[in-house]
Amino acid sequence: MSVAFWPAGDGGSGTDLGATAASSGETRPSEAAGAASSAPSAGSRTPSPAAPAPSPARVYPLSKTPRTIPAVREHVPARGPGWRPASTARVVVTGAGLADEGKLLAGELRMAYGGKVAPRAGDVQLTLAPGQAAKGPESYTLTVSNRRVTIAAPAEAGVFYGTRTLKQEVAGGGTASEGVVRDRPAKQRRGLSLDTARKHFPASWIEDRVRELGDLKFNELDLHFSDDQGFRIASDTHPEIVSRDHLTKAEVRRIVALAASRHITVVPEIDSPGHLGAVLAVHPELQLTNAQGTPVRGALDISKPGAAKIIDDLLGEYADLFPGASWHLGGDEYRALAVANPAVSYPQLAAAATARYGAGARVSDLATGWLNDRAATVRAHGRTAVRAWNDGFYLSSSVQADKNIQVAYWTGKEIGARQPAGYLSAGRKVVNYNDEYLYYVLGQPNQFFYPTGERIYKQWTPRVLRGTTAVSSAYDSQILGGVFAVWCDLSNAQTQKQVAAGIRMPLRATVQKLWDPRAQPSLSWTDFKKLANRLG
């Protein structure tokens, strides 16, 4: 609530100006009129008219920290009216590189976009501030002062996140708080992984998720578009493998462009050498068979030269479709290594391993070599941030996975499972996909239960990589972030609309924990949920 104060010497009681004048000894207008009937004596000065009483100046209480999702890291309060959008105000920028951010915000707040001009009262100014680079490219400062907003950041991504904070602050007719927000994410990878292979999601649905992710300051969307049940993106090199329901390349380009406008990287995943049933359905000659000649579902026979060729064809083709530094190689659940004695069950793989790596080499060495070769393929296309599932790293292998392949840690249930510290102590960087909290598996098979936002909000942190136990804080810098994953094992268990509703609060809880390093957020879960409902 605003209060008024009066300058020293005034009554300050809210009484009328006449009463104030009387209390100060000044002549009231009615008294001056009566005195005018008596002529002043010679040489006397004509009385000056009473000075107008000064207008009251407003004193505002200290502003409160903005309530946003994710919560801002720091707010310096100040006294002032704050800011709210007006149709006569503008969004202006200091450089052409911020035009996309400026136009988006102007449209969202129903303001004019002014381009590269000097700001005036009521405006929002977006500007790059290289001097803030020490805080990271996604950091930003949002200043509300003198009825104007300035969002400054060392890079365009930070400016964009500042606009998301402002958008949330004024949602539903609210006012942006006076003062300064200084904000930055705790973790650099904040993502949603979507299994489009088992269940087709139309481009419009994915685009809606991109907009949602952008407003929540996520910066990654993983697309798992190849599996046993389907291959869901059009292909020019191997059109025969593409499922009937799929995304066209034009649709993918629109998704990628929309994501880029929200500073989201789309990370593709063509899982291999397992989970390739859709490819093998039309290329049975490449399917792995055991010693008895029985085909193994979804498994590629990596001893055959044609196996590497078809996968490398696809990796090279989609490298042109998905820009960015990141790529997911998969590598999980290769069934040849899920048996007691892989060399006996799959003698052709054992022979290929010894031929390549010498006497004593194992099937796991061949699989590790496969992973390294695929990493080399995508690196030749400029991919520097390459990851694979943790069960694609084999403890029994004497051939070591490339040290630069990041670990997408999802499970501790695989054969020969390693604790997360085993990867971290070796110096590997890890992305958290913990299936205990972050796996939304349609139909809830194999004791996968739909995760709740409340459980993530109260219990999970990026250091909780496996089960419910956190790794040592000494490893915190090696944990790049986390990804909430939707898997469509029983694809008809939920509609697309139900999936969107089901992941809504888990996404918000996940990004809260990835942005703000506090294990326990300042808001209670009840208040956090109310805030999410208010923000939409």
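Preceding this section is the structure that the text describes.
What counts, and at which threshold
Residues numbered from 1 in each chain as written. Predicted model: local features only at pLDDT ≥ 70, side-chain atom pairs only at ≥ 80, totals over all residues. Heavy atoms only, no water. Buried < 20%, exposed > 50% of the residue type's maximum accessible area, 1.4 Å probe, protein only. Helix = DSSP H or I, 4+ residues; strand = E, 2+ residues; numbered from the N terminus. Pairing = 2+ DSSP bridges. Salt bridge = Lys/Arg side-chain N within 4 Å of Asp/Glu carboxyl O. Axes fitted to C-alpha atoms, helices over the stretch in contact; angles between N-to-C directions. Contact = heavy atoms within 4.5 Å. Parallel < 35°, antiparallel > 145°, perpendicular 65-115°, else oblique. Nonpolar A, V, L, I, M, F, W, Y, C, P; charged D, E, K, R; others polar. Phe/Tyr/Trp six-rings, centres within 6.5 Å; stacked < 30°, edge-to-face > 60°. Core = buried A, V, L, I, M, F, W, Y, C linked by side-chain atoms within 4.5 Å. Expected span 1.5 Å × (residues − 1).

J.: Quick one: what's the story with the pairing of strand β16 (residues 385-389), residue by residue and with numbers?
T.: In terms of residue burial, β16 counts as a mostly covered element, since five of its five residues are buried. Side chains A385, R387 and W389 project from β16 onto one buried face, and the interleaved V386 and A388 project onto a second face that is buried too. Judged from the three bridges that link them, strand β15 (residues 326-328) and β16 form a sheet pairing that is parallel. Across the sheet, W327 pairs through a bridge with V386, a residue of β16.

J.: Account for the pattern of salt bridges, with residues named and values stated.
T.: Tallied over the full model, the rule gives 27 salt bridges. Taking the shortest distance from any N to any O, the salt bridge between R508 and E212 comes out at 2.8 Å. Taken together, the residues span a long stretch of sequence, with R508 in helix α15 (residues 504-515) and E212 in helix α5 (residues 203-215) at a distance of 296 residues. E212 sits in the buried class, given a relative accessible area of 13%. Because the salt bridges share partners, they merge into one network encompassing E108, R164, K167 and D215.

J.: Report on the sheet that holds strand β9 (residues 179-183), specifying residues and quantitative values.
T.: If you trace the seven strands from one edge of the open sheet to the other, you get β3-β9-β7-β8-β6-β4-β5, paired in mixed fashion. In this open sheet, the two edge strands, each paired with only one partner strand, are β3 (74-77) and β5 (112-115). Recorded for the sheet is a direction-independent mean angle of 15 degrees between the axes of neighbouring strands. With three bridges joining them, strand β4 (residues 90-93) and β5 adopt parallel strand pairing. Among the inter-strand pairings, R90 is bridged to a residue of β5, identified as A112. Relative to the sheet, helix α4 (residues 156-169) contacts β6 (124-128), β7 (140-145), β8 (148-153) and β9, its axis offset from that of β7 by approximately 45 degrees.

J.: A description of the packing of helix α3 (residues 99-109) against α4 should follow, citing residues and the corresponding values.
T.: At a minimum axis distance of 10 Å, the contact between α3 and α4 shows a crossing angle of 5 degrees. It follows from the interaxial angle that α3 and α4 lie roughly parallel. In this structure, α3 contributes E101, L104, L105, E108 and L109 to the contact, and α4 contributes E156, F160, T163, R164, L166 and K167. Residue composition of the contact of α3 with α4, by class: five nonpolar, one polar and five charged.

J.: Can you lay out the side chain of S326 for me, pointing to particular residues and giving the numbers?
T.: Of note, S326 is situated in strand β15. If we ignore the near neighbours within four places in the chain, the residues touching S326 are R189, V267, P268, R383, A385 and R387.

J.: An account of the packing of aromatic side chains is requested, with residue identities and associated values reported.
T.: To describe a pair of aromatic rings, you give the distance between the ring centres and the angle between the ring planes. Enumeration according to the criterion identifies 19 aromatic pairs in this entry. Seen in terms of ring centroids, W389 and Y433 are 4.9 Å apart; in terms of plane orientation they differ by 70 degrees. Their pairing is edge-to-face. Of this pair, W389 sits in strand β16 while Y433 sits in the loop between β18 (430-432) and β19 (439-441), and the two are 44 residues apart along the sequence. Look at W389 and you get buried, because its relative accessible area is 2%. Their ring planes at 80 degrees and their centres at 6.0 Å tell us that F393 and Y423 sit as a pair that is edge-to-face. Here the residue F393 occupies a position in the loop between β16 and β17 (406-409), and Y423 occupies one in helix α12 (residues 420-424), the gap between them amounting to 30 residues.

J.: Report on the nonpolar core, specifying residues and quantitative values.
T.: Note on soluble globular proteins: their nonpolar side chains tend to be buried together. By size, the foremost hydrophobic cluster in this structure holds 102 residues, and its most contacted members are F231, Y318, F322, Y334, L349, F484 and V486. Ignoring anything within four residues of it in the chain, the contact list for F231 reads F225, S226, I241, V242, S243, H246, A278, V279, L314 and Y318. With 28 residues, the next largest nonpolar core counts L98, F160, V170 and A176 among its residues.

J.: Residues and numbers for α4, please.
T.: Across its 14 residues, α4 extends 20 Å between first and last C-alpha, which sits within 8% of the 20 Å expected from 1.5 Å per residue. In terms of residue burial, α4 counts as a mostly covered element, since twelve of its 14 residues are buried. Within α4, burial applies to A157, G158, V159, F160, Y161, G162, T163, R164, T165, L166, Q168 and E169.

J.: Just give me the short version of the environment of A260, but keep the residues and values in it.
T.: Residue placement: A260 occurs in helix α6 (residues 249-261). Sequence-wise, A260 and E220 are 40 residues apart; in three dimensions their C-alpha atoms are separated by 9.9 Å.

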